[in-house]
Amino acid sequence: MAALNLTINGDRLETAAPDHWTLLEVLRYRLGLTGSKQGCDKGDCGACTVLLDGQPVLACLTLAGLAQGRAVTTIEGLMPAHAREGKSGADPVQDAFDRCGALQCGFCQPGMILSARALLNANAHPTRAQIRAALAGNLCRCTGYTQIVEAVEYAVAVAAGVEPAPRAWETPRARLTDIEEQGTRRPSGQARP
Amino acid sequence: MKSFEYLQPTTLEEALAALPTSRDPKERERVRLIAGGQDLLTEMKEHLAEPDLVVDLKRIEGLDKIRVQSDGSLVIGATCTLAALEEHAHVREHFAVLSRAAGSVGSTQIRSVASVGGNLCQRPRCWYYRSEQIPCIKKGGAECFAYSGLNKYNAILGGGPSYIVHPSDLAPALVALGAEITLRSATQQRILPLERFFTLPSEGRVQQENDLGPGEMVVELKVPSLPAGAGTWRSDYFKVRERGSYDFALAALALALLVDDGTIRGARLCLGAVAPIPWRADKAEALLVGRKVDDEACRLAGEAALAGARPLEHNGYKLDLTRGLISKALRQLASS
Ligand SMILES: Cc1cc2nc3c(=O)[nH]c(=O)nc-3n(C[C@H](O)[C@H](O)[C@H](O)COP(=O)(O)OP(=O)(O)OC[C@H]3O[C@@H](n4cnc5c(N)ncnc54)[C@H](O)[C@@H]3O)c2cc1C
Ligand code: SF4
Ligand code: FES
Ligand code: FES
């Protein structure tokens, strides 16, 4: 057992846990912060993503001791941080995920949102390829990813004060072209280019 | 995970003093170094590693630095993160292959903490090795289960008695660049070509992928500038993986070419994910010099690089894949 002094979402917390506990275990089972999800518990899925000094890391592969003296941000901290800046409502990334229907079961969402938050903090105008690369370590078994990428683009547009592009389900034609371009699927009967 | 004691030294001397100097593998296994933990923690969760003491290298001052020397060469500290290496402006400009290899490892989350030393010393991904229940040769058993079992991801070159492929993406890039590795113990320091650091299973130490001795750790990598010559060096890392988002390589190639008016004046090729060590293709390098990149050159380079390959039952595809990769990479770099 070791005493742990952690700074989580701006709060200084004192707790204790065995040396071999991960940050994820301490968050969920000592501090009751269950927003960070325990998916695979071995680095594959990204559901446990938190920010450590602003960088996205996997809480399941971070020893809790290593997080001491560093700022941890979990999904629970995004809205309060937004409020501390004097703004109302949810963090714009959370809001965009909501508006774009970028979830089904929601299990991947805290990790997705934190990865997206870290990307936008570093790069306010990412390309679609950069968004996909930044979220590559966050797996979603439900949505098919389209709405998730759109949600990040939506948040980018809102932050830039421009009109967000129509979302896939609003324009079925545009969606088909998009999918063709990505080369993942082709309408049946159409020859390969 | 089994519980352990956790030491966070702030000096190299303190960390080295904690390492056992015994040659007995059991004794050595009692203490493990941790940097990013992106490999070690997965091993500990599967009970493949069960140390009593874990020594964290992240608090050692200065061990994470990248230094650019006056001659343009690099000195990279063992705990430098892959994200820092990928983004370093001098590395991007003069050692593109290294930046690109670092950027190809795992996901954003993994690269933000994973270290250079940990990447080079990570353990194999062979699924028989990673399964706690299976006592293969790598774990001191008598049999290689991949040899007669499912071996789609295993070695086509240099295998036997274990047929792992070395999983590191940095290793081929650093070997192609002619890097040297500095190892230190409490009593001595050794510098050796990185190429010689990695060892084949047939060289005696089947349970280990490198020459790390008792009490030793990796402290830094020295990467010389590519030799000046007519034309300009271009380099890149080419990695084929089953899944686009993030994955270990099915085959990879670190390539640097010195091209002058369409003619190759210098070449460095090192293959990844095809052998238990990063596979330097020096014969292919030699025969490319003086040629233009055409069908013949690509064919000959592929043949030379894969000379002696002996695929297993399920990994014959790696031959075509690697040949294709070499050809594509040569054309792409020569015309860029
Ligand atoms: C989902 C997932 C995907 C991955 N994908 C890739 C990939 O595409 N390519 C790739 O190359 N790797 C990949 N990895 C493996 C691993 O994350 C990386 O190799 C990473 O760079 C390891 O570095 P680390 O600092 O986290 O190592 P650690 O886990 O801290 O250490 C790894 C090993 O090296 C030893 N060690 C650490 N530092 C030193 C030192 N200075 N001297 C001596 N020994 C030392 C440790 O004791 C341990 O045995 C992946 C891992 C995961 C979980
Ligand atoms: S290839 Fe090596 S790690 Fe895999 S089963 Fe054979 S001996 Fe074990
Ligand atoms: S729970 Fe951490 S990556 Fe899946
Ligand atoms: S919404 Fe279910 S995993 Fe992503």
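Placed above this text is the structure.
Computed from a predicted model, the values in this text were never measured in an experiment.

Conventions and cut-offs
Residues numbered from 1 in each chain as written. Chains lettered and ligands numbered in written order. Predicted model: local features only at pLDDT ≥ 70, side-chain atom pairs only at ≥ 80, totals over all residues. Heavy atoms only, no water. Pairing = 2+ DSSP bridges. Helix = DSSP H or I, 4+ residues; strand = E, 2+ residues; numbered from the N terminus. Axes fitted to C-alpha atoms, helices over the stretch in contact; angles between N-to-C directions. Buried < 20%, exposed > 50% of the residue type's maximum accessible area, 1.4 Å probe, protein only. Near = heavy atom within 4 Å. Nonpolar A, V, L, I, M, F, W, Y, C, P; charged D, E, K, R; others polar. Contact = heavy atoms within 4.5 Å. Buried area = accessible area lost by both parts, 1.4 Å probe. Salt bridge = Lys/Arg side-chain N within 4 Å of Asp/Glu carboxyl O.

Caption draft 1: Quick peek at the sheet that holds strand E3 (residues 53-56) of chain B. Residue and element names in this part refer to chain B. Read across the sheet, three strands follow the order E1-E3-E2 without closing on themselves; strand pairing throughout is parallel. Each edge of the open sheet is held by one strand with a lone partner, namely strand E1 (5-7) and strand E2 (31-34). Pairwise comparison of adjacent strand axes, ignoring direction, gives a mean angle of 25° for this sheet. Here E1 runs beside E3; their pairing, made up of three bridges, is parallel. Across the sheet, the residue bridging to Leu 7 is Val 55, located in E3.

Caption draft 2: A look at the pairing of strand E3 (residues 49-52) of chain A. Residue and element names in this part refer to chain A. Burial along E3 is two-sided: Thr 49 and Leu 51 and Val 50 and Leu 52, pointing in opposite directions, are all buried. Between E3 and strand E4 (residues 55-58), which pair antiparallel in sequence order, lie two residues; one of them, Asp 53, sits at a positive phi of approximately 45°. Here two bridges tie E3 to strand E5 (residues 71-73), and the two strands are oriented antiparallel to one another. Across the sheet, Leu 51 pairs through a bridge with Thr 73, a residue of E5.

Caption draft 3: Broad picture of the site of ligand 2. Residue and element names in this part refer to chain B. Residues in contact with ligand 2 amount to 13 residues; listed here are only the nearest, Cys 126, Cys 136, Cys 144, Ser 162 and Tyr 163. Secondary structure elements with two or more residues in the shell around ligand 2: helix H9 (127-130) and helix H10 (145-148). When the residues that make up the shell around ligand 2 are grouped by side-chain class, the tally is 10 nonpolar, two polar and one charged.

Caption draft 4: Main features of the interface of chain A and chain B. With 28 residues of chain A at the interface, the matching set in chain B holds 24 residues. Regarding the contact of chain A and chain B, the summed buried area is about 2,100 Å², with carbon and sulfur atoms giving 59% of it. On the chain A side of the contact with chain B, A:His20, A:Leu61 and A:Leu63 bury the most area, a combined 30% of that side's loss. On the surface where chain A and chain B come into contact, there are one salt bridge. Put simply, A:Asp41 and B:Lys45 hold a salt bridge, and the shortest N to O gap is 3.1 Å. Going through the elements one at a time, E4 and helix H5 (128-134) of chain A are the ones with two or more residues in the side of chain A that touches chain B. Top element by residues in the side of chain A that touches chain B is E4(A). It accounts for four residues. Residues that form the side of chain A that touches chain B fall into these classes: 12 nonpolar, 12 polar and four charged.

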